[in-house]
Amino acid sequence: MSEPAVTLAKSALRDQLLAARRSLDVATLGAGARDLAAVVLALPEVRRAATVAAYVSVGSEPGTGALLTALLAAGKRVLLPVLLPDNDLDWAVLRSEDDLVPARRGLLEPSGPRVGPEGIATAEVLLVPGLAAGADGVRMGKGGGSYDRALNRAAPDAFVCVLLHDGELLGSVPAEPHDVPVHAAATPSGLTRF
């Protein structure tokens, strides 16, 4: 598939996935967030990790509130992204949920100390957003490239898991050379390793 065709295919699939997410009601999102947290917290990689890079969900993304609370309660060092003007990601330490402050694009970001874009390399586990993942581990994001850049800075042995809603694991997703595959996808129903 040519590069323009891949770009068009990604755009069309993103539109479909975002429309499906918008149709989810609050009760479904809440239950999914609790179930997703249980799935992620049961992972041996997460239980062993001292540092976990995660994110604060927004809108109809799979909820991360319960997960972040549990990671902090378990004594994990939690790194959260800080979106830079060029769409790259810096990282900051989340000390408590009170550290979250409003940021650009409706995001919540930690006010704690920043560790720089390379700080992601200190995380043993990276929990990343996505709209879908294919059976080959290709993650499709929202198209800004922020996480593809960040994942290239991760430690080589870091465990990378995309957080999705049920139904967002697909046979395949359109891929471009810069797309960085993930090791697993967690949904409220369970974990799929690639």
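In the block above lies the structure referred to throughout.
Residues numbered from 1 in each chain as written. Predicted model: local features only at pLDDT ≥ 70, side-chain atom pairs only at ≥ 80, totals over all residues. Heavy atoms only, no water.

## A short note on the overall build of the protein
Line of reasoning, step 1. Across its full length, the protein holds five helices and eleven strands.
Line of reasoning, step 2. A globule of 194 residues ought to have a C-alpha radius of gyration of about 16 Å, and the protein, at 16 Å, matches this closely.
Line of reasoning, step 3. Expressed along its principal axes, the backbone C-alpha trace of the protein runs to roughly 45 × 35 × 30 Å.
Line of reasoning, step 4. Per-residue burial over the protein gives 51% buried out of 194 residues.
Line of reasoning, step 5. Excluding contacts between residues fewer than 6 apart, the proportion of contacts in the protein whose partners are at least 24 apart in sequence is 67%.
Line of reasoning, step 6. With an accessible surface of roughly 8900 Å², the protein has 57% of that area assigned to carbon and sulfur atoms.
Line of reasoning, step 7. For the protein, the distance from the average position of its 18 positive side-chain charges to the average position of its 22 negative side-chain charges is 2 Å. (Helix = DSSP H or I, 4+ residues; strand = E, 2+ residues; numbered from the N terminus. Rg over C-alpha atoms; globule rule 2.2 N^0.38 Å. Buried < 20%, exposed > 50% of the residue type's maximum accessible area, 1.4 Å probe, protein only. Contact = heavy atoms within 4.5 Å. Areas by Shrake-Rupley, 256 points an atom, 1.4 Å probe, with all protein chains shown as cover. Lys, Arg positive; Asp, Glu negative; His and termini not counted. Charge placed at Lys NZ, Arg CZ, Asp CG, Glu CD.)

## What about the environment of A123?
Line of reasoning, step 1. Relative to the helices and strands, A123 is located in the loop between strand 5 (108-110) and strand 6 (125-129).
Line of reasoning, step 2. C-alpha separation for the pair A123 and E61, spaced 62 residues apart in sequence, amounts to 22 Å.
Line of reasoning, step 3. Among residues more than four places away in sequence, those in contact with A123 are T51, V52, A53 and A158.

## Here we look at the pairing of strand 3 (residues 89-94)
Line of reasoning, step 1. For strand 3, a buried count of six out of six residues is recorded, marking the element as mostly surrounded by other parts of the structure.
Line of reasoning, step 2. Here six bridges tie strand 2 (residues 77-83) to strand 3, and the two strands are oriented antiparallel to one another. Looking at the pairing, V78 lines up with L94 of strand 3.
Line of reasoning, step 3. Connecting strand 2 to the next strand, strand 3, in antiparallel fashion are five residues, including N87 with a positive phi near 70°. (Pairing = 2+ DSSP bridges.)

## Some remarks on the nonpolar core
Line of reasoning, step 1. Counting residues in hydrophobic clusters, the biggest one holds 47 residues, and the most contacted among them are V40, W91, L126, L127, V128 and L163.
Line of reasoning, step 2. Here this core gets five residues from one element, more than from any other, and that element is strand 9 (residues 159-163).
Line of reasoning, step 3. In this view, L163 contacts L36, V40, Y55, P62, T64, L67, L127, V128, G130 and A186; residues no more than four positions away in its chain are not counted.
Line of reasoning, step 4. Residues L17, L131, A132 and V138 belong to the second largest nonpolar core, which totals seven residues. (Core = buried A, V, L, I, M, F, W, Y, C linked by side-chain atoms within 4.5 Å.)

## A few points about the pairing of strand 10 (residues 184-187)
Line of reasoning, step 1. Burial of the side chains of strand 10 extends over both faces: A184 and A186 are buried on one face and A185 and T187 on the other.
Line of reasoning, step 2. Sheet analysis places strand 10 next to strand 11 (residues 190-193), joined by four bridges and oriented antiparallel. Bridging across to strand 11, A184 finds its partner in R193.
Line of reasoning, step 3. Counted between consecutive antiparallel strands, the loop separating strand 10 from strand 11 contains two residues.

## Quick word on the sheet that holds strand 2
Sheet strands associate in pairs through backbone hydrogen bonding, adopting either a parallel or an antiparallel arrangement.
Line of reasoning, step 1. On the basis of which strands lie adjacent, the open sheet formed by seven strands has the order 3-2-1-6-9-10-11 and mixed pairing. Every other strand in the sheet has two partners, leaving strand 3 and strand 11 as the edge strands with one partner each. Here the average twist between neighbouring strands, direction ignored, is 25°.
Line of reasoning, step 2. Pairing geometry for strand 1 (residues 51-53) and strand 2, over three bridges, is parallel. Considered in strand 2, the bridge of V52 is made with V78.
Line of reasoning, step 3. Helix 2 (residues 26-41) rests against strand 6, strand 9, strand 10 and strand 11 of the sheet, and its axis sits at about 140° to strand 10.
Line of reasoning, step 4. Most of the contacts of helix 4 (residues 65-73) go to strand 2, to which it runs at about 135°, and overall it touches strand 1, strand 2, strand 3, strand 6 and strand 9. (Axes fitted to C-alpha atoms, helices over the stretch in contact; angles between N-to-C directions.)

## Some remarks on the pattern of salt bridges
Line of reasoning, step 1. Counted by the stated rule, this structure contains ten salt bridges.
Line of reasoning, step 2. Here K10 makes a salt bridge to E176, at a shortest N to O gap of 2.8 Å. Taken as a pair, K10 in helix 1 (residues 3-22) and E176 in the loop between strand 9 and strand 10 lie far apart in primary sequence, 166 residues in all. Each member of the pair, K10 as well as E176, carries the same accessibility label: buried. (Salt bridge = Lys/Arg side-chain N within 4 Å of Asp/Glu carboxyl O.)

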